[in-house]
Structure formats: structure tokens, C-alpha cells
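Each chain, written out:
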Amino acid sequence: MIEPKWQRIWEKTGLFRAFNPGQEIPPDHPFARRHGLSGRVEAARLPRKYYILDMFPYPSGAGLHVGHPEGYTATDILARYRRARGFHVLHPMGWDAFGLPAEQYALKTRQHPRITTERNIATFRRQIKSLGFSYDWTREVDTTDPGYFRWTQWIFLQIYNAWFNPQTGKAEPIETLPYPPDLRPSADANFDPELEARRRAWRDAHRLAYVAEAPVWWCPALGTVLANEEVVNGRSEIGGHPVVRRPMRQWMLRITAYAERLLKDLDLIDWSPSLKEMQRNWIGRSEGAEVIFPVDDPSLGPEERRLRIFTTRPDTLFGATYMVLAPEHPLLPRITRPEYRARVEAYQAEVQRKSDLERTELAREKTGVFTGAYAINPANGRRIPIWTADYVLMSYGTGAIMAVPAHDTRDLDFAERFGLPIVQVVQPPDGSVPWRGFVGDGIAVNSRNDDLCLDGLSTPMAKQRVIEWLEATGHGRRTVQYKLRDWLFSRQRYWGEPFPIIWRQDARGEWYHEAVPESDLPILPPDLDDYKPTPDGQPPLARATHWVELPDGSRRETNTMPQWAGSCWYYLRYLDPNNAQRFVDPVAERYWMGTDPAEGRTAGVDLYVGGAEHAVLHLLYARFWHKVLYDLGHVSTPEPFHKLVNQGLILGEDGQKMSKSRGNVVNPDEILAQYGADAFRLYEMFMGPLQDTKPWSTKGVEGVYRFLGRVWRLFVDEAAEVEWEQSLALTPTVQQESMLEQIRIHPTIRDVQPAPNQNKALHACIKKVTEDLEGFRFNTAISAMMIFVNQAMDWEIRPAQTLRTFLQLLAPFAPHLAEELWHLWYRSFAPQVQPVPCLTYEPWPDWDENLLMEHTVEIVVQVNGRVRDVIRVPRDADPTALEKAALAAEKVQPFLAGKTVRKVIVVPGKVVNIAVG
RNA sequence: GCGCGCGUGGCGGAAUCGGUAGACGCGCCAGACUUAGGAUCUGGUUCCGCAAGGAGUGGAGGUUCGAGUCCUCCCGCGCGCACCA
């Protein structure tokens, strides 16, 4: 009854609205009153902003589970706290609503995914609203709304129309792309379609969004390709269907160009070390060298003879006793000797047949075949055999390696299996460690030729030396490799953003792609009555021939964007969600994403909270898009999310992961119906540290529910309440809410000066709650409030001001109850104050350290480090007096008897330790 | 295999700077009120012991007057990556 009442009042007054610079602020809005603002206020006069963001949910048909509100509650508490602290808080919510489940449902029912999506959003919105979160609902976004994805498409065009300039290390408009001499149009020449086509090919090869015929993960069951990241152990991450590798024409985004900046800029942001580490691992930077091994076969052309490999251990070059090419390596057919061709081709076929699961099986024995060819080790001139084996991956480095079996476990396995030579070139620093298979740093040995000697050098020095030699002799150079691959950006789905791209035929009949004009955005998906891919494997959009085929003979792109697209920039749309002219107004963007230099922080979202499952993909993709937008001048900060916190998983009561099949799923609606939103919120925070994985306990909800009951009884006259409840039972439901006005305050609450112990209890609570909120320690903040209430219940007279302040502390956690009691308080102690000050915008209380000081303090007296007694001494007792008092303490006497005091350590205010012997 | 994190009562967890281990809550035990209690309130609750006292933060060492906290090794659990040359 209390909760819907306040949710309605908050909504009606637009209490949690955030105002953009220049936006009209109603003069009677509590935010305007608190900060003395009215009318249109420019950015400089607005209070300091605080942008607090939740990862927006995918609105699934199953509705909210208890894991969602954990993060949302944490951010809501902090949003309310920041408002009380005087910040201008932006706290929005929206829907990541494109995605496969709605589409698969549509496949079954032939119902437009829009319909399920809208229904699911309505459920999520209702559930989230019932928890009393302080979102600014006027900023709600939905990635499937044409007014939203119009700008997703627009951003794609920005990426499409840009190239990465390695000189500046930035994205630049494609118009600035330089052309090689033979592609520069000469001033006098006429239009040359041949040249134009080649120029176009050059451009298209440099765009940040490009088309490539790439081997991709195709999932027959889902009828779509998946990104590398969406494939787990040879199965689709969603649904666990088998996937196969197959070459297809796909849109790619050149995220690899940003590898270095994505890595380096991690230093600018405040994320947990483990999360940064995951991003670093994913980007996978490794320094090393590219080395060219000549193939010993005069029949090959000069380029074909140059076998490039990447190694992080160039210092082991002298130990390279054979080479391995990936089975897909383009040079493999060229270098294979005729007499080995049959075997190599058989092996290639075998590898292709293998599922990825088999291929990545770690324990499996290595396979491979000899090609009959030899290369020359440039360091020592030795002829070494060239093999092909699937333990070398085409997708990393150059797809070829030099094998140093003595100092690489994989090469060692292989060499032992096939009887290849093993030559030591590194001496382990610890003599007792065998050199065979030693992969750590050591001292180079057996590594010299006529003009290079590594012997005696430590591994880092040897690397340095050998690279210098490679560069001087033209055998290779220093390089950096990344594990990160370009982002496979197209999907063969219906329920996603269509690409704003059309395909045209040039004079020679070749198809090429072109951006649609911005004025044509949004490109809406066509209506279909069948959402399946076409029988010949075309995406579902290809079914809509009237949509695909344009009057001028051009054709629309029929792929759609992956679900990540909409979530890559939603945090920007919240800043200005209804802008039809731009994806975000630059003034609003600078205000909400920027920060004043005094704060000395990197700008961006101040706090972003969400699950760790997005630690790599979403966060990496969003950072990438943000950097492109930054380079092109559309946003003002290099990084989108300044501080990021991952909430932990909530397990079922049995300590297992919640799942339908285990039957341990907790439905928030049920908890809410029984204990209410305040108890639910409080329990979610009381369970344990936000970041930890922890099991749900409905008994635990009862615990915090009892606490809220004690808070109620702290304020409310119980004797009168019995009567009130009786008359409530006789009142029609519709009028019951107004009966709340007749609740009477507890008679022991008086407007009197608090006693020292009462002040101390309150101020200790203010201090603890404030500090814990700053440190995201919600569980201990709640515990501090419990301690306060337990104490206050014992007071014969409860000072009104003390309890009023306590309500402010409680408000972020249990806002409904706090509001109700706040109004009860004002009715009882300040009925003349009208309107009642707004609890949300009431300044957060400070604590007075002086009130926490005790005149006497407890000092622990230890003997040989063991606690023997506790003495009370004046707070400012000097060390000598302390020592004297400690030695005289009653309970320590038996432990001193007959022993010599050797040393006394005095820690003022804390402890005295007497060492005896 | 590699990387990161974590091991504290019957349970969730506290101990923020190396200074009284177990705050707060759940559960349990005893009591009060009550026709009743799955409401509320009071007291107790790490283990051994009647007590004095002893033991105790995964295990073994170490540093220190003093270690849950710092260091070394080991064991266990969780997460991430996984033939990335």
C-alpha cells in the first residue's frame, strides 16, 4: 500500500528527471529548489553531473529474475545518495530488444517479433517500476525503435565512411585516404571506369567497415553466422547448436586497428584489475619478430620463396629445426613437392572435416605431414624440413612458425612424435632444470654465426640482438601481433538493424556497395510472413524482393547487424533520447560525459554496473565504437565508461546456479508480493558484497523484513496502530491509502536535545553509511543501520531530530518506507512546514567526529601477544601512563608473576603488549 | 596447461592502516507475552572445558612485541583464456 502510493507520487512529480543544459526546469521541481535554479540553465550553471548507468536488459519472455535487480538496486541506492549529495544525477533505463529469441518465437508463430518484443518490454518495465527505482523514464530507449536504430545505422555509416590512418593512429573520413601513385587520376585524363573501379577497391579495402569473403562460423540450426566470440567449444553460445566453418561474404569491422589504443587506454579507466586483465588477454598483444625463411626450391617465384613466420622468441632462432605451415596456408600447395602432394592434400581434407571441438582438443596427439620442401634457417644456413600441421593456426600471426622443439612444449611434442631434431639454444638459469622443454628466460647457447653471436646473453638481450641483426640483414623485423581479430558484424537474421547499404553494378557488371544517403535513414526492415532464411541460404530479408530490389536496379544489403550494435552506444542516446536531428546533442554530450578538470578524472559514464558476462564482448565493442566516434569528433571523451563494477551472480538457495531445470529459480514478483520492494532491495544488498557470487536465501529476506518492521515500530505508535488496523479493515480498499494519514507517531519521540550516547549512535551510523556507500559496501552500511535501530529501540525518549536524520540514511535503501515515515515525522513535528521538504533532494547529513569521541577508551592489554585484560583509560593518556596502567591491570598479574618484563610495546589508543620471559 | 581471484562459526558474511577474530543477519537453544505462534520481545550461541584456561581464520613454514591481514611452499574452490608460436 505504501509502495504504490509513493511510486505514483514520484512519477507524477517527475522527481527523478534529469535536465539537459538549456532544457526548461520547472521552478517548483525539488531539484530546482534545492539548487536555486529555474528556467533554461546552461551547462556551466548546472550542478556537477553524475551519470550512473545499468547495463540495460534484453527483455526476455521469462521476465525479470533476482539477478537483474541486484545491480539495479545498487545503482539506485547510489543515484539517490548522489542526489542527496547535490549531484545532478542521470539514471536511465532501456531495452536491448533486438535478438534471437523474439525472432525464433516469430518463426514458430509467424507473429511479428515486434509484438513479442513489446509485450516483453511491458513486463520488464512493470517489474522494474515495482521496485521503486529512481530512473528518469522520460529517457527510456529501445534499440528496436526506428527512432533509435536510425542512429545505429547512422553510426555504422560513420564507421563505413572512415579509414584508420596509421600515421595519426586515428580514424579519419575516407576522403582523406591517400591513393598510391598508379591510382591517382591525372588532371587531363577523362573519366576512366577502370581506374575508378580500382580506386573504389582501394577505398573499400581501407574502410573501417568492409566486406570480406571470410571463413566464418555458420550455425545451420540458427541459420546465421556467429562471431568468434559467440562460439564456445564448437557450439553456438546461444542454444549450444553445432557450428561449421565456411567461407561467406561478410561485413567486418576493423577493430584490430584499435588494438593498441584499446589496450593502452585501459590505463585511463577505473575497472577492476581482473576485468582489465580479461580485456588484455582478449586483445592478446605479443611482441616478437617476423622472420623470413627462404624456401630451398629454385623453381618458385621470388615472393613464393619467402616464408614469413612470427615468433615471440627470436632469440631461439638457432634452435629452429623445422617449420610448420597451417593446413590452410596459401603457400602450402605451392611449396609442396609433387611426390608429397597426395599426402598433404589428404591431410588438408582430414583437417577440414574435423570439427572445431576435435581440433582444439588439448590432450589430443599432434598430427601433421611433411611437405617434401625445405627452408633455409637464415641464422645458421641449415636446411630444415617444412611440415604442415593443424596445431598451427592460420588465423594467428602469419599462419606459419619456426619450430624450436627444445624450448617450446608444442614443438617438442611434435618433434618427439615425428623424430625431428632437438637442439638446445637456451641454458636455464637454475642448473638443475633440464634444458629440454625449458620455455623460460635463460642464457643463450649454441647461437652464433659469422657475424652474430648470442651466446652468453640473457633471453631479453638475445632477443634484442637478434632483431637488430634480422633488421640489418633484411631477414626480418620487430613486430607486434594481436589475438584480437576483426569483428564479424553481419548476421543472417530478421530481427536486427538492416544495413544502410545498397549494392550497384558498375559498367563491367561488377557489384559494389554504397552507403544509402543519410536522409533515407532509418532503413526499416520489410514485413515478412516467413522469418526463415531462404532455401538457398540467403538471409530472411532476401525474401522481401520488393524491398531488396530498388527501381534503379540496385539491391539492398540483406544482412542485419548483430545484437551488439544497439548496445554499443545506448549510453549516448540516453543523453538526448528524442533528438531527431542528431544521435546526441553535442552540448548534452559534453555536459553528461565530460567532467570538470578539478575532478582530475577521465570523463565518461561515472559508474557503470552490470554482469561479468559482458566483460569482454560488449565492453570491448562499445569502447571501439566510442573511439571511432571520438576520432571523428562526435563525442568528447576517449573512453565511454570511467568506473565499472561487475555485480556477482546470485545462486539458488541450494548454492547452484539458478535454472529452470534445477527448479531453484526465485521469482522477484513473489518476493515482492510477500515482503515488498523495500525488503527485497534491502536483502539484495545485504546478502554480501556486490561483486561476489552468493546464494539466495528467502529466510534472509525475512531478516531484513523484520528490520524494516523495527524501523516502523521505532516511529509509529503501536497502541494506536492496533486501532488503526481495525478501522482499516473496515475501509474500502480504494480509500485505504488515505488512512495512512491517520497513523500516529510513537509517543516517546520528542523534540528534545539528543543525549551524548544518542548523538554518538547517530553519527557513527552517518559515518559508516556514508563511507560504505562511497566504497560500494552496501551490506555493511545496512548492518550499521540495524545497529542504530537496535540501540534506538531501547531509548526511553527518542529525540525527533536524531530519528529524522536517520530517515535520510535509510532513504536510498528503503525509499518507500522512508518517505512514509518522513511525512509522518513532518505531520507530527513540523505541521507548519508546507510543502514538506522533498526527502530525495534533502542534503545528505554530515557527521561530527567530535561527537564520536569518547572521554575514555578501551585498551587491550596483551602478555606475549595474548589478550589478558581490557582497561579503560582517558583518551589522551600518554604512553608512560598507559604502560603503568597496563602493568597494574588485575588480570595480567598471574601472567607476570615470576617472570621478567623484557619489553613493553605501547600503541596509544589501541593496545599495550607486555613481552615477558 | 597458463593467468586472475578466493578459502573465516551450522549458513550469508564482518574485521577499511599488522593491534580484542566472528560485527550484522539467518538458523538454533532458553525464556517472556499469548487460547495459539511461522507475530513480537529478552537472553544465549566458534570449538574443547564445570571452571580456570586452552585451541582456533584451508595446510606447513617464516617475518613481527603482535598475523585472518605481510612473505614462501602446498592443498582446495571459483572465474577467464586455452595449441595464439
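Residues numbered from 1 in each chain as written. Chains lettered and ligands numbered in written order. Predicted model: local features only at pLDDT ≥ 70, side-chain atom pairs only at ≥ 80, totals over all residues. Heavy atoms only, no water.

Points about empty space enclosed by the protein
The line we're drawing: Any residue with an atom within 4 Å of a point lines the site, the site being either a cavity, points on a 1 Å grid over the protein atoms alone where a 1.4 Å probe fits but cannot get out, or a pocket, an open set with protein on both sides within 12 Å along at least 5 of 7 lines. Grid points are joined across faces, edges and corners, and a volume is the space filled by probe spheres set on the points. Segments assigned H or I by DSSP are reported as helices when at least four residues long, segments assigned E as strands when at least two residues long, and all are numbered from the N terminus. Residue polarity follows a fixed list, in which Ala, Val, Leu, Ile, Met, Phe, Trp, Tyr, Cys and Pro are nonpolar, Asp, Glu, Lys and Arg are charged, and the others, Gly among them, are polar.
Summed over all chains, the structure comprises 5 cavities of 30 Å³ or more. Volume-wise, the largest cavity comes out at about 110 Å³. Together, Trp10, Arg80, Ala84, Gln808, Ala811, Pro812, Pro815, Glu819, Leu839, Thr840, Glu842 and Trp844 line the largest cavity. Those elements giving two or more residues to the lining of the largest cavity turn out to be α3 (68-84) and α27 (815-829). In the lining of the largest cavity, the residues fall into 7 nonpolar, 2 polar and 3 charged. Here the lining of the second largest cavity is built from residues that sort into 4 nonpolar, 3 polar and 1 charged.

Observations concerning the confidence of the model for chain A
Note the following rule: Every residue is assigned a pLDDT by the predictor, reflecting its confidence on a scale from 0 to 100.
Summing up the model confidence of chain A, the mean pLDDT is 89 and the portion of residues at 70 or higher is 97%. The ipTM for the predicted assembly is 0.93, set against a pTM of 0.92.

Observations concerning the pattern of salt bridges
Stated precisely, the cut-off is as follows: Here, a salt bridge means any Lys or Arg side-chain nitrogen found within 4 Å of an Asp or Glu carboxyl oxygen. Only protein chains enter the calculation, and the probe is 1.4 Å; a residue is then buried if its accessible area is under 20% of its type maximum, exposed if over 50%, and partly exposed in between.
By the definition in use, this model includes 54 salt bridges. Notably, a salt bridge pairs Arg45 with Glu42, separated by 3.9 Å at the nearest N-O pair. Using a relative accessible area of 45% as the deciding quantity, one classes Arg45 as partly exposed. Of the residues examined, Glu42 reaches a relative accessible area of 43% and is grouped as partly exposed.

Considerations on the nonpolar core
In plain terms, the rule: Grouping buried Ala, Val, Leu, Ile, Met, Phe, Trp, Tyr and Cys residues that are joined through side-chain atoms within 4.5 Å yields what is termed a nonpolar core. Between two residues, a contact is recorded if the distance between any of their heavy atoms is within 4.5 Å.
Core analysis: the biggest nonpolar cluster contains 195 residues, and Phe156, Trp625, Trp696 and Phe715 have the highest contact counts within it. The contacts of Phe156, once residues within four sequence positions are left out, are Ala209, Trp251, Leu253, Phe489, Phe499, Pro500, Ile501 and Met561. Membership of the second largest hydrophobic core comes to 52 residues, among which are Tyr322, Phe370, Ala373 and Ile386.

Let's talk about the packing of helix α1 (residues 2-13) against α27
Where we set the bar: Here an angle of 0 to 180 degrees is reported between the N-to-C directions of two axes, which are lines fitted to C-alpha atoms, with helices fitted over the stretch in contact. Angle categories are assigned with fixed cut-offs, so that under 35 degrees is roughly parallel, over 145 is roughly antiparallel, 65 to 115 is roughly perpendicular, and the rest are oblique.
For the pair α1 and α27, the least separation of the axes is 9 Å and the interaxial angle reads 85°. The orientation of α1 relative to α27 falls into the category roughly perpendicular. Across the interface between the two elements, Ile2, Glu3, Lys5, Trp6, Gln7 and Trp10 from α1 touch Pro815, His816, Glu819, Glu820 and His823 from α27. Across the contact of α1 with α27, the residue classes tally to 4 nonpolar, 3 polar and 4 charged.

Comments concerning the sheet that holds strand β27 (residues 607-611)
In plain terms, the rule: Between any two strands, pairing holds if DSSP finds at least two bridges.
Pairing is parallel across the open sheet formed by 4 strands, whose spatial order is β4-β3-β27-β28. Each of the sheet's edge strands pairs with one partner strand only, and the pair in question is β4 (88-90) and β28 (644-647). Strand-to-strand twist across the sheet, computed as the mean angle between neighbouring axes with direction ignored, equals 20°. In this structure, β27 lies alongside β28, joined through 4 bridges in parallel fashion. Counterpart to Tyr608 in the pairing with β28 is Leu644.

Looking at α27
Heads up, the condition is: Residue count minus one, scaled by 1.5 Å, sets the expected span of a helix.
The first and last C-alpha atoms of α27 sit 21 Å apart over 15 residues, in line with the 21 Å expected at 1.5 Å per residue. Of all 15 residues in α27, 12 are buried; the element is thus mostly enclosed. Of all the residues in α27, the buried ones are Pro815, His816, Leu817, Ala818, Glu819, Glu820, Leu821, Trp822, Leu824, Trp825, Tyr826 and Phe829.

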